[in-house]
Amino acid sequence: MAGKVTLVGAGPGDPGLLTVKGRRALESAEVVVYDRLVGPEVLALIPETARAIDVGKEASRHLIPQEQINDILLREGLAGHNVVRLKGGDPFVFGRGGEELEALARGGVDFEVVPGVTSAIAAAAYGGIPVTHREHSSSFHIITGRAKRGQDPAIDYRALVQGGGTLVFLMSVSAAPKIAEGLLGAGMAPDTPAAMVENGTLPSQRRCDATLETLPRKMAEMGIHSPALLIVGGVCTLGPLLCWFARRPLHGKRVLVTRPKGRAGTLSDRLRDLGAGVWELPCIATEPIAPCPAMEEALRNIRRYQWLAFTSPTGVEVFWNCLRGLGRDARALGGVKLAAIGSATAKALEDCGLTADLVPAVYDGAHLGAALAEQAGGKVLLLRAEIGSPVLTERLEQAGVSYDDIAVYRTHYGSPHSPQLRSALEAGELDYVTFTSASTVKGFAAAAGEGADFSGIVGLCIGEQTAAEARRHGIPVRVAEAATIDALTALACAVSKQDTIDT
Ligand code: SAH
C-alpha cells in the first residue's frame, strides 16, 4: 500500500497549541520525523508504537543536511508508512516545508499539510504583545534574521521602515544588534519600542523590553538565548500591561511530580495550567497482587461484611477488576456499606457507579479508623496496599471492631537511582516536589541517591504522615491544609507567592 507523509506544524512549544488535526495525525503515525524546536511535551504525544526519527540532531556539529531529510521522508513514504513530518511552529514559516513537499511530489509520494500556530504570532501573544493593534500598526511582517555564513542578513531595511507595520524577526538572537543598526540607519527612531521573547509559550518564557537603541545592551544583560524572536514597533509597549502568561501564580516554577504513572495526570495538568514547568518522575509504581485468592474469597462471601473500606484509588481499581474478573458486578455488593479514605478514593468508587457511604472529614488512616469504629456494628473488609498504615487497624482494634485486612497491591519504589534527578538537584533546577504519600517520598529519595542535598527544594506534602517522612530525609516541607489535590495545588501557589515576596 502506498504511504503518505503528513506535514504537521507542532506549534511553538505549548502542547495546547498543537491543532486537533495535528494531534490526530500524530496519534496514528507509524513514523515521526521531527525537528529540534518541537516542544518536549508535544514529543511526548508520539505513540510508543511509532518510530521516531530526530533530524534536528547535530551530527558532529553539523545539522543533518536538508537533502538527507528529504531522502528519509521519500524512503519512508515509498516503503508504505504513515509518516508524520513534525516541525516547530508552522511548517511553511521558515520551516523548509515547501522544499520537502517538492521532493515528495517529484518522488510520487502522497502528502497532506496541517498548518501550525507560528511562534511569530504566538510567542508575541504569550509575551502580551498583539502583532497588530489599531493604535499602533495595521500590518506585520515576518522576517528571517539568519544570514548566509559570514554575511549580514539580506534585509531591505528601508522598505520595512517605510511600511510602518510591526516587524517580527525570527532566528534573530545573534543578528539583533545588526538588525537594530540597519533599522536605525534606514531612519527608524532610536526610541522605537522593541522586545525579545525567549522560549515563547513555554514555562521558561522570558521577555526582554527595550528600544532599538538599548536592545543589544538589554539582551546581553538578560543573557537572551535562542529560541527567541525580536518584535519591533509600538505594540511592544503593551507587553507589561498584557503579559497574562507571566502573571500566572506558578510561572517560572519548576515542579517535580512524584505520583505513579497513570495517576500524575490531574495534578500535573493543574500545575501546568497555573504556569509551572512540570517534570513527571513516577517515584512509585503499584502492582496488583494477582491472583489474589484472599480477595476473591472475601468477594465471593461479601455478605459476611458490613463495611468495605478503601484507602486509595488503586485499591478501588484492583478490587473492581477482581470483581469483574469473577464475572460479577455492583449488584454482588448488596447491602454492604462503602468507606473511602478521601475524595480521590470516593471518586474512584464513583467511576465504578458506586457511592461512598463514609468519607472522614480529615483524609487519613486515623480518621477513617475512628469513623469506622463509630459506625461499624459488623465486620469490616479492608482492601489496601501490602504495607498499609497500622494506625487504621489500631483504631479498629481499640474499638473492638473485627476486620479482615487483605493486601491487594504492592508498591515499588520507582527507579533505584536517577542521575538526571541528581544533577537537576545539584544545578538548582527544581523548585518544588509534590509528595502525595510517604512512599512517594521514599521513592524520590531513592531516585536522588545517597547523600543528595535537598536544601534547595520545598517538598509540598499532602498530609502530616507524608511530611514526617520528608523531614526524615532532610527535605524542607510545607503541608497542605487538606489531603486533596486542590489543597496541594493551593499550597504550591501560596508557597510561590511567599517566594516572590521574599525575593
Ligand atoms: N516554523 C517556525 C519557525 C522556524 S525558524 C514557526 O512558525 O514558528 C526558528 C525560529 O523561530 C527561532 O530561531 C525563533 O526565532 C523562532 N521560534 C521558534 N519557537 C520559538 C519559541 N518558542 N519562542 C520564541 N521564538 C521561537
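Higher on the page you've got the structure.
Keep in mind it's a predicted model, so treat the numbers as computed, not measured.

1. Regarding a negative patch on the surface
Working step 1: A contiguous patch of negative charge on the surface is contributed by Glu67, Asp71, Glu99 and Glu102.
Working step 2: The set of elements that each furnish at least two residues to the negative patch consists of helix H3 (66-78) and helix H4 (97-107).
Working step 3: Residue placement: Glu99 occurs in helix H4.

2. Here we look at the packing of helix H14 (residues 365-375) against helix H15 (residues 390-398)
Working step 1: Where H14 contacts H15, the two axes come as close as 7 Å, and the packing angle between them is 20°. Considered as vectors, H14 and H15 are oriented roughly parallel to each other. You can see that H14 and H15 cross each other, and the crossing is right-handed. Here Gly365, Ala366, Leu368, Gly369, Ala370, Leu372 and Ala373 of H14 come into contact with H15, specifically with Val391, Leu392, Arg395 and Leu396.
Working step 2: Residues of the contact of H14 with H15, tallied by class, amount to eight nonpolar, two polar and one charged.

3. Considerations on the sheet that holds strand S14 (residues 277-280)
Working step 1: Ordered by their spatial adjacency, five strands build an open sheet running S14-S13-S20-S21-S22, and the pairing between neighbours is parallel. If you trace the sheet from one side to the other, it starts and ends with S14 and strand S22 (477-479), each paired once. The sheet shows a mean angle of 25° between the axes of neighbouring strands, taken without regard to direction.
Working step 2: As paired elements, strand S20 (residues 432-435) and strand S21 (residues 458-461) share four bridges and run parallel to each other. Bridge pairing links Val433 to Gly459 in S21.

4. Some thoughts on unusual backbone geometry
Working step 1: With an omega of 0°, the peptide bond running from Ser226 to Pro227 counts as cis.
Working step 2: In this structure, Pro227 sits in the loop between helix H8 (215-222) and strand S12 (228-232).
Working step 3: The omega torsion across Ala290 and Pro291 is 0°, close enough to zero to call that bond cis.
Working step 4: Note that Pro291 resides in the loop between strand S15 (284-288) and helix H11 (293-300).
Working step 5: Of note in this structure, Phe94 is not a glycine but carries a positive phi near 50°.
Working step 6: Summarising the element assignment, Phe94 is placed in the loop between strand S6 (82-87) and H4.
Working step 7: Unlike most non-glycine residues, Thr201 shows phi in positive territory, near 75°.
Working step 8: Examined against the element boundaries, Thr201 turns out to sit in the loop between strand S10 (193-198) and strand S11 (206-211).

Criteria and thresholds
Residues numbered from 1 in each chain as written. Predicted model: local features only at pLDDT ≥ 70, side-chain atom pairs only at ≥ 80, totals over all residues. Heavy atoms only, no water. Patch = residues over 30% accessible without salt bridge, like charges linked within 9 Å, V, L, I, M, F, W, Y side chains within 5 Å. Areas by Shrake-Rupley, 256 points an atom, 1.4 Å probe, with all protein chains shown as cover. Salt bridge = Lys/Arg side-chain N within 4 Å of Asp/Glu carboxyl O. Lys, Arg positive; Asp, Glu negative; His and termini not counted. Charge placed at Lys NZ, Arg CZ, Asp CG, Glu CD. Helix = DSSP H or I, 4+ residues; strand = E, 2+ residues; numbered from the N terminus. Axes fitted to C-alpha atoms, helices over the stretch in contact; angles between N-to-C directions. Parallel < 35°, antiparallel > 145°, perpendicular 65-115°, else oblique. Left-handed = near helix turned anticlockwise from the far one by under 90°. Contact = heavy atoms within 4.5 Å. Nonpolar A, V, L, I, M, F, W, Y, C, P; charged D, E, K, R; others polar. Pairing = 2+ DSSP bridges.

Fair warning: the whole summary comes from geometry, so function is off the table for now.
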